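A structural walkthrough
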Amino acid sequence: MSNEVASQAVHEAFGGVVPELASRAHQQNIMPVIDRALKVANISPQELNAISFTNGPGLLGSLLVGTSFAKSMALALDIPLIPVHHMHAHVLAHLIEDAHPKPISFPYLCLTVSGGHTQLIEVLSSKEMKILGETIDDAVGEAFDKAAKILGLPYPGGPYIDRLSAKGDPTFMEFNESNLPDYNFSFSGMKTSFLYALQKEMKANPSFINDHLNDICASYQAALIKVLMKKVKAAQKSTGIKNVAIAGGVSANSGLRAALMQWGAQSDISIYLPPFQYTTDNAAMIGIAGYYQYLEGVNAPLSTSAQAKIKF
Ligand code: KG4
Ligand code: ZN
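1. Quick notes on the site of ligand 1
Taken together, 19 residues surround ligand 1, and among them G115, D145, D162, N253 and D281 come closest. D145 places a side-chain nitrogen or oxygen 2.6 Å from an oxygen atom of ligand 1. Contact distances for ligand 1 include 2.8 Å between a nitrogen atom and a side-chain N or O atom of D162. Elements represented by at least two residues in the shell around ligand 1 include exactly α3 (86-92), α4 (140-150) and α5 (158-165). Counted by class, the shell around ligand 1 contains 5 nonpolar, 11 polar and 3 charged residues. Shared between two domains, the shell around ligand 1 takes at least three residues from each, and those domains are domain 1 (9-90 + 280-295) and domain 2 (102-273).

Listed below in structure tokens is the structure:
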């Protein structure tokens, strides 16, 4: 009924997330954002059926703020308390009523691409999900953000690279791509290859980055997308699953969205791109993941705690 987000501008000044600042910002924002969510939905706290919240994975300090708040609120209102796995929520965002004109059906393949994760998931139901492959080092969002930092762009850099790429030539430069045989990904080598390629060019032309920013972005983005597309196509082929979705912050990327749409248009695969408000971290995805657990009668004990690392 509402999907309110309090974004944290505090991180931009530091070029990355500072965990302690993140948890303090959560503490400051949690009351106002919940107030706003209730106002926009036009309901009172007493009308709530349950509280779902992220218990992991993520930064422990921030998770603790949400977990403590959710427990208190569920206790005070005497309603079920429902812990949600952050990555399940990204995947299940596709089930939100207004996510697609034609609802997605199980099974679907989901490529989850965020700042902390890169996973290829076979989604059989709202609770049966199998990881087909994932990154063995950096997440693809990190690969975007670290390259953006090298280019002197603000944090998080993914959206900036995306925007600049639109005006650049994707064939301008080439970078070493990782080539893992299965459905796993590796992005740390690409980031290093990016850094070395730029250092080499800058020896010859110190203003190389300035002179070719759009082309550099377009080439790097194209290299990342190529890797993602290769794996998702291979997984689709071997599983035979016809519904393919993407999720997570990087699923907002226009190059990735275009590559998927093109694939969908040339094959009998149905592509599901999430609306932008459900790509980067949002409350609606935690709500929908909680909803399916609510239908099954989940009500976690108050001893439930936040976990920085949590089994998928
Ligand atoms: O899912 P998310 O909001 O948070 C995590 O759970 O990590 O993802 C954030 C990531 C950041 O790395 C950000 O740079 C990236 O998503 N991102 C993008 C775009 N929008 C956000 N990357 C590429 N292109 C975009 N348009
Ligand atoms: Zn996320």
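2. Structural notes on the packing of aromatic side chains
Across all of its chains, the model carries 7 aromatic pairs by this definition. Residues F106 and Y108 carry aromatic rings whose centres are separated by 5.7 Å and whose planes lie at 15 degrees to one another, so their mutual orientation is stacked. Note on F172 and F208: the rings are 6.0 Å apart at their centroids and 20 degrees apart in plane angle, and the pair reads as stacked. Of the two residues, F172 sits in the loop between α5 and α6 (188-204) while F208 sits in helix α7 (residues 208-239), which places them 36 residues apart along the sequence. Members of the aromatic cluster, joined through ring pairs, are F175, F194 and Y220. Over the aromatic face of Y160 sits the side chain of R163, whose NZ or CZ is 5.2 Å from the ring centroid.

3. Examining α4
Those residues of α4 lying buried are V140, G141, A143, F144, D145, A147 and A148. Those residues of α4 that are buried lie in contact with β3 (108-113), β4 (118-123), α5, α6 and α7. The positive-phi residue at the C-terminal boundary of α4 is G152, with phi of around 80 degrees.

4. Remarks on the pattern of salt bridges
By the definition in use, this model includes 9 salt bridges. In this structure, R36 engages E4 in a salt bridge whose closest nitrogen and oxygen atoms are separated by 2.9 Å. Note that R36 is positioned in helix α1 (residues 19-41) and E4 in the segment before α1, a separation of 32 residues in sequence. With a relative accessible area of 37%, R36 lands in the partly exposed category. What makes E4 partly exposed here is its relative accessible area of 22%.

5. So, the sheet that holds β4
Across the sheet, which stays open at both edges, the 5 strands sit in the order β5-β4-β3-β6-β7 with mixed pairing between neighbours. Two strands in the sheet have a free side with no partner beyond their single neighbour: β5 (129-134) and β7 (270-272). If you compare each strand with its neighbour and ignore which way they point, the axes differ by 20 degrees on average. Pairing geometry for β3 and β4, over 6 bridges, is antiparallel.

6. Some remarks on the side chain of D138
Structurally, the position occupied by D138 is in the loop between β5 and α4. A residue is classified by how much of its surface remains accessible, and D138, at 10% relative accessible area, is buried. In terms of polar contacts, D138 uses its side chain to reach the side chain of K146, at 3.3 Å. Beyond its immediate chain neighbours, meaning those up to four positions away, D138 contacts K146, F187, S188 and K191.

About the thresholds
- Residues numbered from 1 in each chain as written.
- Chains lettered and ligands numbered in written order.
- Predicted model: local features only at pLDDT ≥ 70, side-chain atom pairs only at ≥ 80, totals over all residues.
- Heavy atoms only, no water.
- Near = heavy atom within 4 Å.
- Polar contact = N/O pair within 3.5 Å; in protein donor to acceptor, adjacent residues only side chain to side chain.
- Helix = DSSP H or I, 4+ residues; strand = E, 2+ residues; numbered from the N terminus.
- Nonpolar A, V, L, I, M, F, W, Y, C, P; charged D, E, K, R; others polar.
- Domains from an automatic or database assignment.
- Phe/Tyr/Trp six-rings, centres within 6.5 Å; stacked < 30°, edge-to-face > 60°.
- Lys NZ or Arg CZ within 6 Å of the ring centre and 35° of its normal.
- Buried < 20%, exposed > 50% of the residue type's maximum accessible area, 1.4 Å probe, protein only.
- Contact = heavy atoms within 4.5 Å.
- Salt bridge = Lys/Arg side-chain N within 4 Å of Asp/Glu carboxyl O.
- Pairing = 2+ DSSP bridges.
- Axes fitted to C-alpha atoms, helices over the stretch in contact; angles between N-to-C directions.

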